[in-house]
There are 2 protein chains.
Amino acid sequence: MIITWKVGGGLKDKLKEYEQRMTEANFKLTSQRRLILRVLLENINEHLSAEEVYQLVRERNPRVGLATVYRTLELFCELGILHELNFDNNCRRYELEQGDYHHHHLICLKCGKIIEFSDYILKDLEGYIDREYNFDVVDHRIKFYGYCSDCRIESKD
Amino acid sequence: MIITWKVGGGLKDKLKEYEQRMTEANFKLTSQRRLILRVLLENINEHLSAEEVYQLVRERNPRVGLATVYRTLELFCELGILHELNFDNNCRRYELEQGDYHHHHLICLKCGKIIEFSDYILKDLEGYIDREYNFDVVDHRIKFYGYCSDCRIESKD
DNA sequence: ATACGTGCAAACTATTTGCAGCGCC
DNA sequence: GGCGCTGCAAATAGTTTGCACGTAT
C-alpha cells in the first residue's frame, strides 16, 4: 500500500490552522507532530486508536516512537484539536475537532460498525437540564446501540 | 466502618429476582456471586468499578479473588443484570439494570461528579434514526459534560 | 543556547487466562 | 459425583514515565 504525502486542498488549510493553534499555545512544531496531524487529517472520517495512528505514522517514518504518539494525542486533546472517544472496546479512539460539525455515533451491536449521526435536536434538552439540574452543559456525547442496515435483517446474535 | 449484612426490604426482593435470572440461565448460585450481587445492590446508586466491587467484597469475605469479580461482572452483563459504563477514566464502571428506570449521566468537568438524569424525550429521536439511517436502535447512552451547581459559579479551570 | 521534545525501555494499570482443586446442583 | 466455578499467579493490552539525547525557536 502506497501512501503519498498529498493532502487535498481543504486539508492543507486545516493543517495550517491546527499548526497555528499549536504555535500560539507555545508548543514546538516538530516533524513528529506534523506527521501525526497529517495522518489524522487524511483519516478524518475514521476513529483511529493510538496504535492505529502509530502504524500509519510508521509507514512514513519508522523512527517515531509509540510514546510520542500517545503524548501528541494527549497534547492535541488539550489544545481542543482532538476529541477522545470511549466506545465500549478496550481502547480510546480519537477524532479531529471539526468546528460546527456536531455529531454522535450509531454503534452496531453485531458488526461493530460506527455510523456518524448529526443532530441539532438536543439543544432543547440542554436548556431543560440547565433549568432542572442547574447544570451548565458545555458538551455532550450520545451513543446509540442497535443494528445497522446490513445487520438488522439477519438474526441478532 | 461497619457494614452489616442487612439489606432493605425492596432490595431483598430484587436479590431474589436477579438470583432467579441466574438459575434460569443455568448458572450456579455460588456464595461469591451472591456476595457480589449483594454488594452491587447495596451500592445501587454508585457506579462501582471492578476494583471497588472487589474491595467491598473483601470486607465481607477476604478469600474472594479479583478474577472472580471480573468474571462475575462479565457474567452479570451477559445476563442483562448489569450495564457497563465507559466514562472517560481508564476503567469501566458498572450499574445494575433497573427495569424502566432509564437514565443518563451529567458529568462535571471540574469535580468529576456524576449526576443521573432520567429522560423519555429521546424516544422521538430513535424513531427518526430508524427512518433516516435504517438503524434499529435498541439502547442508547448519553453523556453531558459541563459544570454542576457547585462548580458552575467558580472559575471553570 | 536552551528549554522543550523524542526514542527507548521499563513500569504501571486494568483486565484476562491457564490450571489445579473446590463445591453447587 | 461431575462439571462448572474459584483462587492464584502469570500473561496480556493499553498506556505512562524516567532518562539521556536531539532539535526547533
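Everything numeric in this text was worked out from a predicted model, so none of it was measured.

Visitor: Sorry if this is basic, but what is going on with the protein's contact with DNA strand C here?
Guide: For DNA strand C, the set of nearby residues contains 20 residues, the closest of which are Thr30(A), Gln32(A), Thr68(A), Leu29(B) and Tyr70(B). Sugar and phosphate atoms represent 73% of those atoms of DNA strand C found within 4 Å of the protein. The contact in question runs from a phosphate oxygen of DNA strand C to an N or O atom on the side chain of Thr30(A), over 2.6 Å. Between DNA strand C and Arg92(B), the relevant distance is 3.3 Å, taken from a phosphate oxygen to a main-chain nitrogen or oxygen of the residue. Counting residues per element, the ones that place at least two in the surface near DNA strand C are helix 2 (31-42) and helix 4 (66-79) of chain A together with helix 4 (66-78) of chain B.

Visitor: Looking at this structure, I do not really get the protein's contact with DNA strand D. What am I missing?
Guide: For DNA strand D, the set of nearby residues contains 20 residues, the closest of which are Tyr70(A), Thr30(B), Gln32(B), Val64(B) and Thr68(B). Close to the protein, within 4 Å, the atoms of DNA strand D are drawn from sugar and phosphate at a rate of 71%. Within the backbone of Arg63(B), one N or O atom sits 3.1 Å away from a phosphate oxygen of DNA strand D. Breaking the surface near DNA strand D down by element, the ones donating at least two residues are helix 4 of chain A together with helix 2 (31-42) and helix 4 of chain B. Take the surface near DNA strand D: its biggest share by element is four residues, from helix 4 of chain A. Taken together, the residues of the surface near DNA strand D break down into eight nonpolar, five polar and seven charged.

Visitor: What's the story with the domain arrangement of chain A in this structure? I'm lost.
Guide: In many reports, interface size means the accessible area that the parts give up when they come together. Residue and element names in this part refer to chain A. We note that the domain assignment places domain 1 (10-96) and domain 2 (104-156) within chain A. Across the contact, nine residues belong to domain 1 and seven residues belong to domain 2. Between domain 1 and domain 2 the total buried area reaches about 630 Å² when both faces are included, carbon and sulfur atoms providing 49% of it. At the junction of domain 1 and domain 2, the tally comes to zero salt bridges. Among the elements that make up the side of domain 1 that touches domain 2, the one with the highest residue count is strand 2 (residues 82-85) (three residues).

Visitor: Looking at this model, I keep getting lost on the environment of His104(A). Mind explaining?
Guide: Residue and element names in this part refer to chain A. By the element assignment, His104 lies in strand 4 (residues 103-108). Its relative accessible area of 2% is what places His104 among the buried residues. Expressed as a C-alpha distance, the spacing of His104 and Glu116, which sit twelve residues apart in the sequence, is 5.7 Å.

Visitor: In this structure, what is going on with the pattern of salt bridges? I would like to understand it.
Guide: Pairing between side chains of opposite charge can happen when their charged atoms approach one another. Residue and element names in this part refer to chain B. In the structure shown here, the tally under the stated rule is eight salt bridges over all chains. The salt bridge involving Glu19 is made with Arg34; its shortest N-O contact spans 3.5 Å. In this pair, Glu19 is assigned in helix 1 (residues 9-24) and Arg34 in helix 2, connecting sequence segments 15 residues apart. For Glu19, a relative accessible area of 8% puts it in the buried group.

Visitor: Hey, could you run me through the packing of helix 2 of chain A against helix 3 (residues 50-60) of chain A in this one?
Guide: Between two packed helices, the angle of one axis relative to the other and the distance separating the axes together describe the packing. All names here are of chain A. Viewed as axis vectors pointing N to C, helix 2 and helix 3 meet at an angle of 115°, and their least axial separation amounts to 10 Å. Taken together, helix 2 and helix 3 sit at an angle that is classed as roughly perpendicular. By crossing handedness, the relation of helix 2 to helix 3 is classed as right-handed. Here Leu35, Ile36, Arg38, Val39, Leu40 and Glu42 of helix 2 come into contact with helix 3, specifically with Val53, Leu56, Val57 and Arg60. Here the contact of helix 2 with helix 3 is composed, by residue class, of seven nonpolar, no polar and three charged.

Visitor: Looking at this structure, how should I read the packing of helix 3 of chain A against helix 4 of chain A?
Guide: Residue and element names in this part refer to chain A. The N-to-C vectors of helix 3 and helix 4 enclose an angle of 120°; their axes lie 9 Å apart at closest approach. Overall, the two elements helix 3 and helix 4 adopt an arrangement that is oblique. Seen along the crossing, helix 3 lies across helix 4 with a hand that is right-handed. Between helix 3 and helix 4, the residues in contact are Ala50, Glu51, Val53 and Tyr54 and Leu66, Val69, Tyr70 and Leu73, respectively. Classifying every residue of the contact of helix 3 with helix 4 by side-chain character gives seven nonpolar, no polar and one charged.

Scoring rules and cut-offs
Residues numbered from 1 in each chain as written. Chains lettered and ligands numbered in written order. Predicted model: local features only at pLDDT ≥ 70, side-chain atom pairs only at ≥ 80, totals over all residues. Heavy atoms only, no water. Near = heavy atom within 4 Å. Polar contact = N/O pair within 3.5 Å; in protein donor to acceptor, adjacent residues only side chain to side chain. Helix = DSSP H or I, 4+ residues; strand = E, 2+ residues; numbered from the N terminus. Nonpolar A, V, L, I, M, F, W, Y, C, P; charged D, E, K, R; others polar. Domains from an automatic or database assignment. Contact = heavy atoms within 4.5 Å. Buried area = accessible area lost by both parts, 1.4 Å probe. Salt bridge = Lys/Arg side-chain N within 4 Å of Asp/Glu carboxyl O. Buried < 20%, exposed > 50% of the residue type's maximum accessible area, 1.4 Å probe, protein only. Axes fitted to C-alpha atoms, helices over the stretch in contact; angles between N-to-C directions. Parallel < 35°, antiparallel > 145°, perpendicular 65-115°, else oblique. Left-handed = near helix turned anticlockwise from the far one by under 90°.

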